[in-house]
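Chains, contacts and geometry: an overview
Here is how the chains run, residue by residue.
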Amino acid sequence: MTPIDYEAIARDAGLERVGARPPLGEYLAEMWRRRAFATSLAKFRIQATVAENRLGLAWIVLRPLLNAALYGTIFGIILPRSTRPGDVAFIPFLVVGVFIFEFFSKSFSDGAKAITGNASLVRSLNFPRMLLPVAQIIQQVIELIPMLVIMGIIVLAFGLPLTWWWLLVIPAMVLMAMFNLGIALLAARLTVHLRDLTQVIPLISRLFFYASGIFYSLEEVLKDQPDWMLTVAQLNPVHDYITIVRDTVLLGESGPGWMWIVAAGAGVVTLAVGIVFFWRAEERYGHD
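These numbers were taken from a predicted model, which means no experiment stands behind them.

Here we look at the overall build of the protein
Helix and strand counts for the protein stand at 13 helices and zero strands. Ordering the α and β elements of the protein from the N terminus gives α-α-α-α-α-α-α-α-α-α-α-α-α. Excluding contacts between residues fewer than 6 apart, the proportion of contacts in the protein whose partners are at least 24 apart in sequence is 81%. Within the structure as shown, the protein displays about 15300 Å² of accessible surface, and the carbon and sulfur contribution to it stands at 66%.

What follows is the structure, given as structure tokens:
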């Protein structure tokens, strides 16, 4: 008896395998149709944070403020003054660095757990899995807004003027959100296949922290080193996003044009690679 080719019959009837990966265009279109799910999930997570902690949303701002106070106390006393920027006050310089880096580090760490931390949801419902890391970034963007407000208040408190250049913070953060989403997508898939990667992510985040000039000026630290070392350090996108915000808010200027090119290129390329990389494993989420 000739075996029946059920898959061929199903294809001819227009039926698809459960959990099958659709073409990328259809996948992104389906994500757009279900965008309300990602937004609602992000809002519910924020509400859950408020319910769990007595200070609620205040911790969104208190956490980076406490970090800035800690680093300011330690490195403001121990760190040689020669490594600090000479054209701006150290405290606003430090606060901007800590606040903007918080946006990256939270996106990276929480985005990496987007699939593994929602295993029951992934196994029980049929939806584009990419919505889970997207929801994490939406949450971080929402939490970024009060952080930027407090950051601006601190900067103004140190006598720095409010200028039109501050508006450039918006496109800078849009580019950084694109970069963060790309990193979250890459990390979310990798942690599905390599669960031990979650133990390494804090170390990687810490490496970015020290390589991004949070509490010192890379230009001052590396001024006596070969030029290529500073060039490599300045190609770190996280450093560039932070520097752009510092230039616009603290110095009242747009920042170097080449740095905007690096920031835009990193945002677009990382996001594109992250989307394709995550989408190609869509059938495996919930089964590994």
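A word on the pattern of salt bridges
Throughout the structure, instances matching the rule amount to three salt bridges. Linking arginine 33 and glutamate 30 is a salt bridge whose minimum nitrogen-to-oxygen distance equals 2.5 Å. Highlighted residues: arginine 33 and glutamate 30, both in helix α2 (residues 24–33), separated by three residues, approximately one helical turn. Taking the shortest distance from any N to any O, the salt bridge between glutamate 30 and arginine 34 comes out at 2.3 Å. Given a relative accessible area of 21%, glutamate 30 falls into the partly exposed group.

Structural notes on helix α5 (residues 90–112)
For α5, spanning 23 residues, the distance from its first C-alpha to its last is 33 Å, which sits close to the expected 33 Å at 1.5 Å a residue. Within α5, 20 of the 23 residues are buried, which leaves the element mostly enclosed by the surrounding structure.

Observations regarding the environment of glycine 265
On the secondary structure map, glycine 265 appears in helix α13 (residues 257–279). Taking the C-alpha atoms as reference, glycine 265 lies 8.9 Å from leucine 175; in sequence the two are 90 residues apart.

A few points about the nonpolar core
Among the nonpolar cores identified, the biggest contains 54 residues, and Ile100, Phe104, Met173, Ile214, Val245 and Leu250 are the most heavily contacted of them. When contributions to this core are tallied by element, the ones reaching two or more residues are α4 (58–78), α5, α7 (131–157), α8 (169–193), α9 (197–211), α11 (227–234), α12 (237–251) and α13. What methionine 173 contacts, discounting residues up to four positions off in sequence, is Ile100, Phe103, Leu144, Leu148 and Val245. Ala38, Leu121, Val122 and Leu271 belong to the second largest nonpolar core, which has 26 residues in total.

Some details on the packing of α8 against α12
Contact geometry of α8 with α12 gives a least axis separation of 10 Å together with a crossing angle of 170 degrees. Relative to α12, the element α8 lies roughly antiparallel. In this structure, the crossing between α8 and α12 has a hand that is left-handed. The segment α8 lies against α12, with Val169, Ala172, Met173, Leu175, Met176 and Phe179 engaging Pro237, Val238, Tyr241, Ile244, Val245, Thr248 and Val249. Grouping the amino acids of the contact of α8 with α12 by side-chain chemistry returns twelve nonpolar, one polar and no charged.

Focus on the packing of α5 against α7
Running from N to C, α5 and α7 cross one another at 170 degrees; their axes reach a closest spacing of 10 Å. Between α5 and α7, the crossing angle belongs to the class labelled roughly antiparallel. Taking contact as the criterion, the partners of Pro92, Val95, Val96, Phe99, Ile100, Glu102, Phe103, Lys106, Ser107, Asp110 and Gly111 in α5 are, on α7, Gln136, Ile137, Gln140, Val141, Glu143, Leu144, Met147, Leu148, Ile150, Met151, Ile154 and Val155.

Regarding the packing of aromatic side chains
Per the counting criterion, the structure on display carries eleven aromatic pairs. Judged by centre distance (5.2 Å) and plane angle (55 degrees), the rings of phenylalanine 37 and phenylalanine 127 are tilted. Linking phenylalanine 37 in helix α3 (residues 35–52) with phenylalanine 127 in the loop between α6 (119–124) and α7, this pair joins segments that are 90 residues apart in sequence. A residue is classified by how much of its surface remains accessible, and phenylalanine 37, at 27% relative accessible area, is partly exposed. Phenylalanine 127 sits in the buried class, given a relative accessible area of 7%. Ring pairing ties together the aromatic residues Phe101, Phe104, Phe108, Phe179, Phe208, Phe209, Tyr210, Phe215 and Tyr241, which thus form one cluster. Taking the ring centre of phenylalanine 209 as reference, the NZ or CZ of arginine 206 above it sits at 5.1 Å.

Reading the values: rules and limits
Residues numbered from 1 in each chain as written. Predicted model: local features only at pLDDT ≥ 70, side-chain atom pairs only at ≥ 80, totals over all residues. Heavy atoms only, no water. Helix = DSSP H or I, 4+ residues; strand = E, 2+ residues; numbered from the N terminus. Contact = heavy atoms within 4.5 Å. Areas by Shrake-Rupley, 256 points an atom, 1.4 Å probe, with all protein chains shown as cover. Salt bridge = Lys/Arg side-chain N within 4 Å of Asp/Glu carboxyl O. Buried < 20%, exposed > 50% of the residue type's maximum accessible area, 1.4 Å probe, protein only. Expected span 1.5 Å × (residues − 1). Core = buried A, V, L, I, M, F, W, Y, C linked by side-chain atoms within 4.5 Å. Axes fitted to C-alpha atoms, helices over the stretch in contact; angles between N-to-C directions. Parallel < 35°, antiparallel > 145°, perpendicular 65-115°, else oblique. Left-handed = near helix turned anticlockwise from the far one by under 90°. Nonpolar A, V, L, I, M, F, W, Y, C, P; charged D, E, K, R; others polar. Phe/Tyr/Trp six-rings, centres within 6.5 Å; stacked < 30°, edge-to-face > 60°. Lys NZ or Arg CZ within 6 Å of the ring centre and 35° of its normal.

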